[in-house]
Amino acid sequence: MSPNIAKKQRFIGKTAIITGAGSGIGRATAIKLAREDANVALFDLNLERTSSLADKLNKFRKDCALVIEVDTSDEKGMEEAVRRTVEQFSGLDVVFANAGINGAVGPIEELSLSDWECTMSVNLTGTFLTLKYTIPHLKDKGKGSIIITCSINGNTRFASFGWSTYSTTKAGQVAFAKMAALELAKFKIRVNVICPGAIATNIDETTEMNEEVEAIVIPIEFPDGAQPLADGPGKPDNVADLVSFLASDESIHITGAQIVIDGAESLLS
Ligand code: NAD
């Protein structure tokens, strides 16, 4: 942080659930929120990553991070994880529904039903369960902020050949977020959706590439760097800054918004 920028403390006394907190965008957001004094519940499949993150965060403030090993697509697991969070921190204010996978990538006729269902279940069902089990606690508080991580794929970009399943989940999340924003407005719960372009994270670990995809590619020439504003992929921190803004009262009148954060990448495609 620049020495000229005063430390913000937008989350004193607030609690956030972050799904997919062990890596990339979720991890960067957990660090930002905890630095601003939030309690953070770190939901992830990967206990090793979230445990080492919690060690780091608990040095900012004792016991501010809670590690929960959970698959967001598992209903019982999510119900229990949310219950434990609310019990530990006495309530809930912010929900970052962020966990996601790339899943199987290939021509549609080469994808199996289980490929399709796997990506649907993590990206869409996981988002549904995250909201289903957290909304009652936000209602208890009388306000709240939900942020859902989508993507430019399926929303402003359709030229990622072979990514039909992933893109469908990301388009579905936008519709779900906007429906939820309207449904929850009278409870003062805001729901916003962010659509990142390429961000340098570990997401490629979840990609299962089918070589047949080459057969359906239409060559598109990108300029060097692909993201004009950044001359390369964005950083998880860039996205975490946006999420922190949407999580805070600085965005008190923003709901149902779909915010692209891609350094102009999708304007090229
Ligand atoms: P990442 O792989 O670095 O981090 C994702 C985390 O989610 C991992 O720690 C992983 O263990 C966890 N996770 C995966 N499935 C889970 C499940 N079922 N339950 C609980 N945890 C689970 O990836 P990232 O790039 O930080 O991705 C975060 C979100 O951003 C995803 O929804 C992704 O689709 C979206 N996104 C990423 C990019 C990009 O270029 N990185 C671009 C657009 C959108």
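This one's a predicted model, so the numbers in the text were calculated from it and none came from an experiment.

1. A word on the side chain of S23
Consideration 1: Within the secondary structure, S23 sits in the loop between β1 (15–19) and α1 (24–35).
Consideration 2: Judged by relative accessible area, which is 14%, S23 ranks as buried.
Consideration 3: Apart from residues no more than four positions distant in its own chain, S23 is found in contact with D44, R49 and N202.

2. Topic: the packing of aromatic side chains
Consideration 1: In the structure shown here, the tally under the stated rule is two aromatic pairs.
Consideration 2: For the ring pair W163 and Y166, a centre distance of 5.6 Å and an interplane angle of 85 degrees mean the geometry is edge-to-face. As far as the burial class goes, W163 and Y166 line up, both buried.
Consideration 3: A cation sits over an aromatic face here: K132 above Y133, 5.2 Å from the ring centre.
Consideration 4: The positively charged end of K139 is found above the aromatic ring belonging to F187, 4.1 Å away from the centroid.

3. Description of the layout of surface pockets
Consideration 1: Here the largest pocket is characterised by a volume of approximately 1200 Å³.
Consideration 2: Along the wall of the largest pocket there are 45 residues; nearest its centre are N102, Y166, T201, I203 and D204.
Consideration 3: Residue assignment for the lining of the largest pocket shows that the elements contributing at least two residues are α1, β2 (39–44) and α5 (164–184).
Consideration 4: For the lining of the largest pocket, the element with the highest residue contribution is α1, accounting for three residues.
Consideration 5: By residue class, the composition of the lining of the largest pocket is 20 nonpolar, 17 polar and eight charged.

Analysis parameters
Residues take numbers from 1 onward in each chain, read along the sequence in its written order. Given that this is a predicted model, residues contribute local features only at a pLDDT of at least 70 and side-chain atom pairs are listed and counted only at 80 or more, while totals for whole chains, interfaces and linings are drawn from all residues. Side-chain calculation: all heavy atoms of the structure are included, whereas hydrogens and water are not. Strands are runs of DSSP state E lasting at least 2 residues, helices are runs of H or I lasting at least 4, and numbering of each runs from the N terminus. Burial here depends on accessible area, computed with a 1.4 Å probe over protein chains only, as a share of the maximum for the residue type. Under 20% is buried, over 50% is exposed, and the range in between is partly exposed. Contacts are assigned to residue pairs with any non-hydrogen atoms lying within 4.5 Å of each other. Think of it this way: a Phe, Tyr or Trp ring, Trp meaning its six-membered ring, pairs with another when their centres are within 6.5 Å, and the plane angle makes it stacked under 30 degrees, edge-to-face over 60, tilted otherwise. The criterion for a charge sitting over a ring is simple: Lys NZ or Arg CZ within 6 Å of the ring centre, and within 35 degrees of the ring normal. The method works on a 1 Å grid over the protein atoms by themselves. A cavity is a set of points holding a 1.4 Å probe that cannot get out, a pocket is an open set with protein on both sides within 12 Å along at least five of seven lines, and residues with an atom within 4 Å of a point line them. Grid points are joined across faces, edges and corners, and a volume is the space filled by probe spheres set on the points. Under the grouping applied here, Gly and all other residues not named as nonpolar or charged are polar, the nonpolar ones being Ala, Val, Leu, Ile, Met, Phe, Trp, Tyr, Cys and Pro and the charged ones Asp, Glu, Lys and Arg.

In short, shape yes, function no, at least from these values alone.
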